[in-house]
Amino acid sequence: GQTTLKSPQDIQVYAVNTNFTLRWNYTGNDTDVTFSAEYRFDDYELSVMEWKEVPGCQNVTRTECDFSSAITKYEDKHHLRIRAERREEVSPWSNIFEMIPCFIAQIGPPGVELQSTNGAIKIKISSPEANQDQKIWINDLIFSYNLVIWENSSNAEVRSQRIVPIQIIDDLAPNTTYCLKVQAIIPSEPEGLFSPIHCVKTTRKVNDLLCATNLSIVALNMEFHLHWNNQHKQHVRYNVQYLLAYLKTLYDDHSVKWLSVPGCENITDTQCNFSSVITTVSWIYLRVQAVGEHNKSCLSKELKVDPLRANEIGPPGIKLDISDALLHIQISPPGESQSETMRHHYDLSYRVLYWKNSSNNEEGIQMKETKQTIGTVSNLTASTLYCVKVQAFSEAYNKSSPFSKEECIKTPGDKILPLVVLATFVSALAIVLLVAALLGFALYQAYHKIKYVFFPSCQPPLNIKGFGVQVFISPYLSTTEEQIENCFIIESSITEEGNQNDFKDYKHSKQSSRDSGNYSNDSNSGSKVSEEMLEKGIV
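Below is a short write-up of the structure. These numbers were taken from a predicted model, which means no experiment stands behind them. (Residues numbered from 1 in each chain as written. Predicted model: local features only at pLDDT ≥ 70, side-chain atom pairs only at ≥ 80, totals over all residues. Heavy atoms only, no water.)

## A closer look at the environment of Ser 383
Logical step 1: As for its placement among the helices and strands, Ser 383 is situated in the loop between β28 (374-377) and β29 (385-394).
Logical step 2: As a C-alpha pair, Ser 383 and Thr 411 span 28 residues in sequence and 5.0 Å in three-dimensional space. (Helix = DSSP H or I, 4+ residues; strand = E, 2+ residues; numbered from the N terminus.)

## Some details on the side chain of Asn 239
Logical step 1: Turning to its location among the elements, Asn 239 is positioned in strand β18 (residues 237-244).
Logical step 2: Given the relative accessible area of 12%, Asn 239 is considered buried.
Logical step 3: There is a polar contact of 2.7 Å between the side chain of Asn 239 and the backbone nitrogen of Asn 266.
Logical step 4: Those residues within four positions of Asn 239 in sequence are excluded, and the remaining contacts are Cys 264, Glu 265, Asn 266, Arg 287, Val 288, Gln 289 and Val 291. (Buried < 20%, exposed > 50% of the residue type's maximum accessible area, 1.4 Å probe, protein only. Polar contact = N/O pair within 3.5 Å; in protein donor to acceptor, adjacent residues only side chain to side chain. Contact = heavy atoms within 4.5 Å.)

## Structural notes on the nonpolar core
Logical step 1: Core analysis: the largest hydrophobic core is formed by 47 residues, its most contacted members being Leu 22 and Phe 67.
Logical step 2: Counting residues per element, the ones that place at least two in this core are β1 (9-16), β2 (19-25), β3 (34-41), β6 (78-86), β10 (120-126), β11 (144-151) and β14 (177-185).
Logical step 3: Domain assignment of the residues forming this core places at least three in each of domain 1 (9-104) and domain 2 (111-202).
Logical step 4: Phe 67 has contacts with Val 13, Phe 20, Thr 21, Leu 22, Val 54, Pro 55, Cys 57, Leu 80 and Met 99, leaving out every residue within four places of it along the chain.
Logical step 5: With 46 residues, the next largest nonpolar core counts Tyr 242, Cys 298, Ile 329 and Val 390 among its residues. (Core = buried A, V, L, I, M, F, W, Y, C linked by side-chain atoms within 4.5 Å. Domains from an automatic or database assignment.)

## A short note on the sheet that holds β1
Think of a sheet as strands paired side by side through backbone hydrogen bonds, with each pair either parallel or antiparallel.
Logical step 1: Strand order in the open sheet formed by three strands is β1-β2-β5, with antiparallel pairing between adjacent strands. The sheet is open, and its two borders are formed by β1 and β5 (64-66), each paired with just one other strand. Going from strand to strand, the sheet's axes swing by 15 degrees on average, the running direction of each strand aside.
Logical step 2: By the bridge criterion, six bridges tie β1 to β2 in an arrangement that is antiparallel. (Pairing = 2+ DSSP bridges. Axes fitted to C-alpha atoms, helices over the stretch in contact; angles between N-to-C directions.)

## Details of the sheet that holds strand β15 (residues 198-201)
Logical step 1: Strand order in the open sheet made by the four strands is β12-β11-β14-β15, with antiparallel pairing throughout. Bordering the open sheet on either side are β12 (159-163) and β15, each of which pairs with just one other strand. On average, each strand axis in the sheet is inclined to that of its neighbour by 30 degrees, with strand direction left out of account.
Logical step 2: Pairing of β14 with β15, which is carried by four bridges, proceeds in the antiparallel orientation.

## Comments concerning the packing of aromatic side chains
Logical step 1: Tallied over the full model, the rule gives nine aromatic pairs.
Logical step 2: Between Trp 24 and Phe 35 the ring centres are 5.6 Å apart and the planes differ by 65 degrees, which places this aromatic pair in the edge-to-face class. Taken together, the positions of Trp 24 in strand β2 and Phe 35 in strand β3 put the pair eleven residues apart, joining distant regions of the chain.
Logical step 3: Judged by its relative accessible area of 3%, Trp 24 falls in the buried class.
Logical step 4: In this structure Phe 35 comes out as buried when scored by relative accessible area, which is 3%.
Logical step 5: Summarising the aromatic geometry, the rings of Trp 228 and Tyr 238 are spaced 5.4 Å apart at their centres and angled 65 degrees between planes, so their arrangement reads as edge-to-face. Within this pair, whereas Trp 228 is found in strand β17 (residues 223-230), its partner Tyr 238 is found in strand β18, the two being separated by ten residues in sequence.
Logical step 6: Trp 228 gets classed as buried once you look at its relative accessible area, which sits at 3%.
Logical step 7: Tyr 238 sits in the buried class, given a relative accessible area of 1%.
Logical step 8: Among the aromatic residues, ring-to-ring pairing joins Phe 20, Phe 67 and Tyr 74 into one connected group. (Phe/Tyr/Trp six-rings, centres within 6.5 Å; stacked < 30°, edge-to-face > 60°.)

## Some details on the state of the cysteines
Logical step 1: Applying the stated criterion across every chain yields a total of five disulfides.
Logical step 2: Between the sulfur of Cys 57 and that of Cys 65 lies a disulfide, 1.9 Å long from S to S. The chirality of the disulfide connecting Cys 57 with Cys 65 is right-handed, given an S-S dihedral of about 100 degrees.
Logical step 3: Look at Cys 57 and you get buried, because its relative accessible area is 1%.
Logical step 4: Bridging Cys 179 to Cys 199, the disulfide has an S-S length of 2.0 Å. One disulfide, between Cys 179 and Cys 199, carries an S-S torsion of 105 degrees and so falls in the right-handed class. You can see Cys 179 sitting in strand β14 and its partner Cys 199 sitting in strand β15, a full 20 residues away along the chain.
Logical step 5: A relative accessible area of 3% means that Cys 179 is categorised as buried.
Logical step 6: When its relative accessible area of 45% is taken as the criterion, Cys 199 is described as partly exposed.
Logical step 7: Here the protein pairs its bonded cysteines, counted in sequence order, in the arrangement 1-2, 3-4, 5-8, 6-7, 9-10. (Disulfide = S-S within 2.5 Å.)

## Description of the pattern of salt bridges
Logical step 1: With the rule as written, the count across this model stands at 13 salt bridges.
Logical step 2: In this structure, Glu 64 and Arg 23 form a salt bridge, with 3.2 Å as the shortest nitrogen-oxygen distance. You can see Glu 64 sitting in strand β5 and its partner Arg 23 sitting in strand β2, a full 41 residues away along the chain.
Logical step 3: For Glu 64, a relative accessible area of 28% gives the class partly exposed.
Logical step 4: Exposure remark for Arg 23: the relative accessible area of 37% places this residue in the partly exposed category.
Logical step 5: Residue Arg 309 is joined to Asp 306 by a salt bridge in which the shortest nitrogen-to-oxygen separation is 3.8 Å.
Logical step 6: Put simply, Arg 23, Arg 62 and Glu 64 are held in one network by salt bridges that share partners. (Salt bridge = Lys/Arg side-chain N within 4 Å of Asp/Glu carboxyl O.)

## Regarding a nonpolar patch on the surface
Logical step 1: Residues Leu 422, Phe 425, Val 426, Leu 429 and Leu 433 make up a contiguous nonpolar surface patch of roughly 510 Å² in combined accessible area.
Logical step 2: When you line up the elements, Leu 433 lands in helix α4 (residues 416-454). (Patch = residues over 30% accessible without salt bridge, like charges linked within 9 Å, V, L, I, M, F, W, Y side chains within 5 Å. Areas by Shrake-Rupley, 256 points an atom, 1.4 Å probe, with all protein chains shown as cover.)

Here's what the structure looks like:
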């Protein structure tokens, strides 16, 4: 059972894409030694993991082997071990090496094709796993590419730039040999391997005067305008075209996917508003097609547009108000009336400057920064003119707007005078209310007196209501002497002295009663009835 063979050491796995190579060291001096490897991987469905022979790594004579065919699950943890063998003699197994394939795999070099055309170089790139059946990187669209290019001469300047799968490199010297290499990159992953170096010679560039040149963008508050120069002196019509940037990340030909900008077709001006195609914050590419006589056309260079970085922030709007000894500042975000994109995609902050404006000189300028569109300033001085201006800025995009137009407002005077005015007003109001109350009470009493005198609520008793037609007279009013009925006595030829005396006494009594003043209706009526009855008796 004893052996002199040593175990292999320093096991490593070298992986590029889905190509896995197992390497190790052997320090023994034995000859005719071969090596065999076994592996197992974590399978949560099995309670016991069995060791299996690694295909391509059995009885090998070198200290490396290719075991790519054994790796089919790139996200599972794999365990590897190796031993040395010589005829029937075997060494102990080496220490177990653990690895997860997708974590240790390196991005391989991409495929590169070059074409020289009109003083430029057209590069066509294929993904690192374009020709492989099994792929560790499932989606080729996750790759971006880094180009390194230089002139094939001594002391040449090397420049690097990000490119898309189909890219045209211009601004190159004519009739010059350029060399380049390309590297595939995945964010948060180690950098990939560079492709082999390719070299190509540029051709002489033909300068077509029909083409539009010097494309530039002027953008304010998400209103975008494209400007260009016209080299041709003859009549030229222009078509502005755009391409969504993501289409360039695809590996197929995107030359047929350019679209015309609405309102920028067959125009003669050298500018165009293309805000209508900025529907999202995605990048786009722009180019101008010039059409001359006989429908001859020429395409300008392409211009890449990142809307949020190309756009400039305009000044915000402000409104001032003073209440409760506070200066209230209301801020309107830039471009709020033109587009909601400013508010949705820029995380805007505001820099507020305010100061006392005395003798047209700015003194004691103070600054506040806020993310809110409403701000307040306290500790104001009475009867003082305060001025305010506001600037909007975005830290994420390192942009700031010009300051808004200055707005000024004057604080009210001392508070003593308003208090005096208020006290005077309250006192006057109290006096008016008191006088009105007294006047109302007097009118109320007079009304009741008049109503009681002229429109009494009481009525004469029913037993005397039918007698006479004399109007009821209130005892509270003085009246003229009441008219008295005149009575005449017809003396008969035969009278008794006694009766005449009684009648005279009655008349005397009646005259006395009349002289005594006013009397009630009831007494008057009773007297008149008695008098009539007496006269009838006498007669």
